[in-house]
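# Remarks on the overall topology
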Amino acid sequence: MRPSWDQYFMEIVDLIKNRSTCIRRQVGALIVKDKRILATGYNGAPMGCKHCDEIGCLREKLNVPSGERHELCRAIHAEQNAIVQAAYSGTSVKGGTLYVTNQPCVLCAKMAINAGIKKIVFKGDYPDELAMELLKESGIRVVKFEIE
């Protein structure tokens, strides 16, 4: 059976997350417009910096719960990485759809809003109610992906 577009792109996101260097959670993201892939991203340290899978996780050492104190992480989130990669190559994501393995955090939600993303499709939950509140307020269509 031929997959729907959402299923197709979510399967690609699951492949992208395998590049993640995060010890706690592997996340993949993909930005699409007009059924064409514009940019991908996964969570990991900035270019040229050591990854957590090499030097350990600061958040784990400090017992920081998931969804809190995002600034205490070496990694850039997958959604942020996809938006930055698009900007790096001069590709506008305005009007695009963001596919991601997990619900975005508030930082990623704010970036998606200001980048002009119009729809977000995610699979896994994430403990960040403010993110969902801002996405709703901004008018971004948010869809929790369910396997068809």
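Preceding this paragraph is the structure being described.
Residues numbered from 1 in each chain as written. Predicted model: local features only at pLDDT ≥ 70, side-chain atom pairs only at ≥ 80, totals over all residues. Heavy atoms only, no water.

## Points about the nonpolar core
Counting 20 residues, the largest nonpolar core has Ala 29, Ile 31, Leu 98, Val 100, Ile 117 and Ile 120 as the members making the most contacts within it. Secondary-structure elements contributing two or more residues to this core are strand E1 (28–33), helix H4 (78–88), strand E3 (97–102), helix H5 (106–115), strand E4 (119–124) and helix H6 (129–138). Those residues in contact with Val 100 that lie beyond four places of it in its chain are Met 10, Val 13, Val 27, Gly 28, Ala 29, Glu 79, Ile 120, Val 121, Phe 122 and Lys 123. With 9 residues, the next largest nonpolar core counts Phe 9, Val 13, Val 32 and Phe 145 among its residues. (Core = buried A, V, L, I, M, F, W, Y, C linked by side-chain atoms within 4.5 Å. Buried < 20%, exposed > 50% of the residue type's maximum accessible area, 1.4 Å probe, protein only. Helix = DSSP H or I, 4+ residues; strand = E, 2+ residues; numbered from the N terminus. Contact = heavy atoms within 4.5 Å.)

## Notes on the packing of aromatic side chains
Overall, the coordinates contain 4 aromatic pairs when judged by the stated rule. Members of the aromatic cluster, joined through ring pairs, are Trp 5, Tyr 8, Phe 9 and Tyr 99. (Phe/Tyr/Trp six-rings, centres within 6.5 Å; stacked < 30°, edge-to-face > 60°.)

## So, the packing of H4 against H5
Taken N-terminus to C-terminus, the directions of H4 and H5 make an angle of 30 degrees; their axes are 9 Å apart at the nearest point. Classified by the interaxial angle, the pair formed by H4 and H5 is roughly parallel. Where H4 crosses over H5, the handedness of that crossing is left-handed. Of H5, the residues touching H4 (which contributes Glu 79, Gln 80, Ile 83 and Val 84) are Leu 107, Cys 108, Met 111, Ala 112 and Ala 115. Residues of the contact of H4 with H5, tallied by class, amount to 7 nonpolar, 1 polar and 1 charged. (Axes fitted to C-alpha atoms, helices over the stretch in contact; angles between N-to-C directions. Parallel < 35°, antiparallel > 145°, perpendicular 65-115°, else oblique. Left-handed = near helix turned anticlockwise from the far one by under 90°. Nonpolar A, V, L, I, M, F, W, Y, C, P; charged D, E, K, R; others polar.)

## A few points about helix H1 (residues 5–16)
In a regular helix each residue adds 1.5 Å, so 12 residues correspond to 16 Å; H1 covers 17 Å between its end C-alpha atoms and thus fits that length. Taken together, the buried positions of H1 are Phe 9, Met 10, Val 13 and Ile 16. Each buried residue of H1 lies within a common arc of 110 degrees when the element is viewed along its axis, so the set occupies one face. Looking at the buried positions of H1, the neighbouring elements they touch are E1, strand E2 (36–42), E3 and E4. (Expected span 1.5 Å × (residues − 1). Arc of directions from axis to C-beta.)

## Thoughts on the pattern of salt bridges
Applying the stated rule across the entire model yields 4 salt bridges. In this structure, Lys 123 and Asp 14 form a salt bridge, with 2.5 Å as the shortest nitrogen-oxygen distance. One end of the pair, Lys 123, is in strand E4; the other, Asp 14, is in helix H1, and 109 residues separate them in sequence. Classification of Lys 123 as partly exposed rests on a relative accessible area of 27%. Judged by its relative accessible area of 23%, Asp 14 is partly exposed. Arg 69 serves as the salt-bridge partner of Glu 71, at 2.6 Å between the closest nitrogen and oxygen. Of the residues examined, Arg 69 reaches a relative accessible area of 47% and is grouped as partly exposed. Salt bridges sharing common partners tie together Asp 14, Lys 17 and Lys 123. (Salt bridge = Lys/Arg side-chain N within 4 Å of Asp/Glu carboxyl O.)

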